[in-house]
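Survey of secondary and tertiary structure
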Amino acid sequence: MGAEMRRIHVGNALSAFGLGFTVPYLYVYVAQVRDLGAMTASLVLAVFAVAALVVLPFAGRAIVRRGPLPVLLVALVTAALGALSLGLSGSPTTVLLSAAALGAGQAVMQPALATMIVDCSSAETRSRAFATQFFLQNLGLGVGGLIGGHLVDITRAGSFTLLFSIEAAMFLLLVVVMSTVRMPRSPKIEDVPGRNGGGWRQLLGNRAMVQLCVLGFVLFFACYGQFESGLSAYGVEAAGISTSALGTALAANTAMIVVAQFAVLKFVERRKRSRVIAAVGLIWALAWVVAGYAGLGHGSQAMATAAFVSTYALFGLGEAMLSPTVAPLVADLAPSGMAGQYNSAFALVKQLALAVGPAVGGPMGASLHAPYILTFLLFSLGITFLAVRLGRQLTPAQNQPSLAGSRVVARGTAPVEQVTTAA
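These figures come from a predicted structure and were not determined experimentally.

Conventions adopted
- Residues numbered from 1 in each chain as written.
- Predicted model: local features only at pLDDT ≥ 70, side-chain atom pairs only at ≥ 80, totals over all residues.
- Heavy atoms only, no water.
- Phe/Tyr/Trp six-rings, centres within 6.5 Å; stacked < 30°, edge-to-face > 60°.
- Helix = DSSP H or I, 4+ residues; strand = E, 2+ residues; numbered from the N terminus.
- Buried < 20%, exposed > 50% of the residue type's maximum accessible area, 1.4 Å probe, protein only.
- Salt bridge = Lys/Arg side-chain N within 4 Å of Asp/Glu carboxyl O.
- Expected span 1.5 Å × (residues − 1).
- Contact = heavy atoms within 4.5 Å.
- Core = buried A, V, L, I, M, F, W, Y, C linked by side-chain atoms within 4.5 Å.
- Axes fitted to C-alpha atoms, helices over the stretch in contact; angles between N-to-C directions.
- Parallel < 35°, antiparallel > 145°, perpendicular 65-115°, else oblique.
- Left-handed = near helix turned anticlockwise from the far one by under 90°.
- Nonpolar A, V, L, I, M, F, W, Y, C, P; charged D, E, K, R; others polar.
- Polar contact = N/O pair within 3.5 Å; in protein donor to acceptor, adjacent residues only side chain to side chain.
- Patch = residues over 30% accessible without salt bridge, like charges linked within 9 Å, V, L, I, M, F, W, Y side chains within 5 Å.
- Areas by Shrake-Rupley, 256 points an atom, 1.4 Å probe, with all protein chains shown as cover.
- pLDDT = per-residue confidence, 0-100.

Before going further, it helps to examine the packing of aromatic side chains. What the rule picks out here adds up to 16 aromatic pairs. Between Trp288 and Tyr372, the aromatic rings sit 5.4 Å apart at their centres with planes inclined by 85°, giving edge-to-face as the arrangement. Of this pair, Trp288 sits in helix 12 (residues 273-296) while Tyr372 sits in helix 16 (residues 369-393), and the two are 84 residues apart along the sequence. Tyr372 carries the same exposure label as Trp288, and that label is buried. With centroids separated by 5.0 Å and ring planes inclined at 55°, the aromatic side chains of Tyr372 and Phe376 adopt a geometry described as tilted. A residue pair is termed a helical-turn pair when its members lie 3 or 4 positions apart in one helix, as Tyr372 and Phe376 do in helix 16 at four residues. With respect to class, Tyr372 is no different from Phe376; both count as buried. Pairwise contacts between aromatic rings join Phe217, Phe221, Tyr234, Trp284, Trp288, Phe315, Tyr372, Phe376 and Phe379 into one cluster.

As a further point, take the environment of Ala306. By secondary structure assignment, the location of Ala306 is in helix 13 (residues 301-322). Along the backbone, Ala306 and Arg61 are 245 residues apart, and their C-alpha atoms lie at a distance of 47 Å.

In this section: the pattern of salt bridges. Per the counting criterion, the structure on display carries four salt bridges. The partner of Arg128 in a salt bridge is Glu269, and the shortest N-O contact between them spans 3.5 Å. Of this pair, Arg128 sits in helix 6 (residues 126-151) while Glu269 sits in helix 11 (residues 243-269), and the two are 141 residues apart along the sequence. Residue class for Glu269 comes out partly exposed when judged on its relative accessible area of 22%. Here Arg273 ties to Asp332 by a salt bridge, and the two come within 3.0 Å at their closest N and O atoms. On the criterion of sequence distance, the pair formed by Arg273 in helix 12 and Asp332 in helix 14 (residues 326-333) is long-range, its members being 59 residues apart. Taking relative accessible area as the criterion, Arg273 reaches 4% and is therefore assigned buried. Salt bridges here are not isolated pairs; linked through shared partners, they connect Arg126, Arg273 and Asp332.

The terminal C-alpha atoms of helix 16 lie 37 Å apart, and with 25 residues this matches the ideal 36 Å at 1.5 Å per residue to within 8%. Taken together, the buried positions of helix 16 are His369, Tyr372, Ile373, Phe376, Leu377, Ser380, Ile383, Thr384, Leu386, Ala387, Leu390 and Gly391. Those residues of helix 16 that are buried lie in contact with helix 9 (207-224), helix 10 (230-237), helix 12, helix 14, helix 15 (339-367) and helix 17 (396-399).

For the rest of this paragraph, the subject is the nonpolar core. Core analysis: the largest hydrophobic core is formed by 121 residues, its most contacted members being Met178 and Leu212. For Met178, the contacting residues outside a window of four places in its chain are Arg7, Ile8, Gly11, Leu69, Leu72, Leu73, Leu76, Leu113 and Met116.

Running from N to C, helix 5 (residues 92-119) and helix 7 (residues 157-179) point in directions that differ by 30°, and their axes come no closer than 14 Å. Classified by the angle their axes make, helix 5 and helix 7 are roughly parallel. The crossing of helix 5 and helix 7 is left-handed. Contacts between helix 5 and helix 7 involve Leu102, Met109, Leu113 and Met116 from the former and Glu167, Phe171 and Met178 from the latter. Considering only residue class, the contact of helix 5 with helix 7 consists of six nonpolar, no polar and one charged.

In this structure, Gln351 sits in helix 15. Relative accessible area serves as the criterion here: at 13%, Gln351 is assigned to the buried category. Not counting chain neighbours up to four residues away, the residues in contact with Gln351 comprise Ala49, Ala52, Leu53, Leu56 and Gln110.

What follows concerns the environment of Phe220. Among the secondary structure elements, Phe220 is positioned in helix 9. Residue class for Phe220 comes out buried when judged on its relative accessible area of 11%. Beyond its immediate chain neighbours, meaning those up to four positions away, Phe220 contacts Gly225, Phe346, Lys350, Ala353 and Leu354.

It is worth spelling out the side chain of Ser98 at this point. For Ser98, the position within the fold is in helix 5. In this structure the side chain of Ser98 is engaged in a polar contact, spanning 2.6 Å, whose partner is the side chain of Ser85. When residues no more than four places from it in sequence are discounted, the contact partners of Ser98 are Gly82, Ser85, Leu86 and Ser89.

Before going further, it helps to examine the environment of Ala279. Here Ala279 lies in helix 12. Assessed through its relative accessible area of 27%, Ala279 is described here as partly exposed. For the pair formed by Ala279 and Met321, sequence separation is 42 residues and the distance between their alpha carbons is 9.0 Å.

In the Ramachandran plot, Asp35 falls in the positive-phi region, its phi being about 55° despite a non-glycine side chain. Position of Asp35 relative to the elements: it lies in the loop between helix 2 (26-33) and helix 3 (37-66). Relative accessible area serves as the criterion here: at 64%, Asp35 is assigned to the exposed category.

Let's shift gears to a nonpolar patch on the surface. There is a patch of nonpolar side chains on the surface, built from Leu139, Val143, Leu146, Ile147, Leu151 and Leu162 and spanning about 460 Å² of accessible area. The element that contributes the greatest number of residues to the nonpolar patch is helix 6, accounting for five residues. Along the chain, the position of Ile147 falls in helix 6.

Here we come to the confidence of the model for the chain. Detailed reading of the predicted coordinates is not advisable wherever pLDDT is low. Averaged over every residue, the pLDDT of the chain is 82; the share at 70 or more is 91%. Taken together, the stretch residues 405-423 has pLDDT below 50 and engages in 43 contacts with residues farther than four places along the chain or on a different chain.

Here it is as structure tokens:
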């Protein structure tokens, strides 16, 4: 791992650490500490999603034109201002505007950092680089949430102001760290195919990328979109899970990722990516079966709790398998210089899934217990089906870079077959 990649990974960890400080406590802060009510708190959470959906279509073109580093620095400053303002806000208007700035900055960070990883890695090192990123993100979120939970006091607004100030400081520290990164030369905008909107047309004409986006939507909808909405509601209402047990389940998910990430990496690197994703669908199908037992079975409360915690752990195992698989595949599908556009498009799909997932899963998980389990069991099996279909669209180099050697070149350049197809 080179010095530039180490700085990028430090940046990922710092940004996740800062977000972990505040995200778990945002609803309580707005609704109770600032006494703005549940409606305003819900709107703040919605603003995060809306801000991401608004800025991401433009983020890809900005990354292609200006490079990922300048875009990342602007996003970090925007997020820092939003976090600091949120900690000082006392009215609904300022809270919503601050949340919009924080949400927009946070959303743009993801494709910018992903593109920097692509530009500083080769096909041989990219899977490990993205696995490290995912590991550090989860570690940062977990540590940030743990420390933040010990700092906040709902009776003192100042404790939350301190929390948001620390988050802003993390983003500004990240500006300093990232400013020292020397990125490899990227193609100028004149060198990039599909100028003046053609980038999106080219992306939509890439059948493999379109199929990957559909698959990505189902992945995020059926897993990430359920963690803190439908699945938690189902656990409380159907399985009688206590809040402490729910926290244990979330901790089990993070622990599984931290423990399993590099253990599964060696397994994943030598397999076809489409088969790895298909296997994740089967693992998550098993997770939903276990969740079904927790809420619909007739075992003891201890057995139901153990099954529910195991569900989150199985999801974590699947996540650990996906992190070195999906993001590198997005990069390898992108023609030279277009990794930023493709990363932003995939981030947009993720945000859509995370917005729709809770809206659909929340009410179902709370009241329609058996249909909820059956629906998401079928979605997980759908992941396996879509992954197998995607595998037929990929070249051998895209599906299994370990066997491709030099056919996939460094810094986000697509294989020769893909460039020819895209042209």
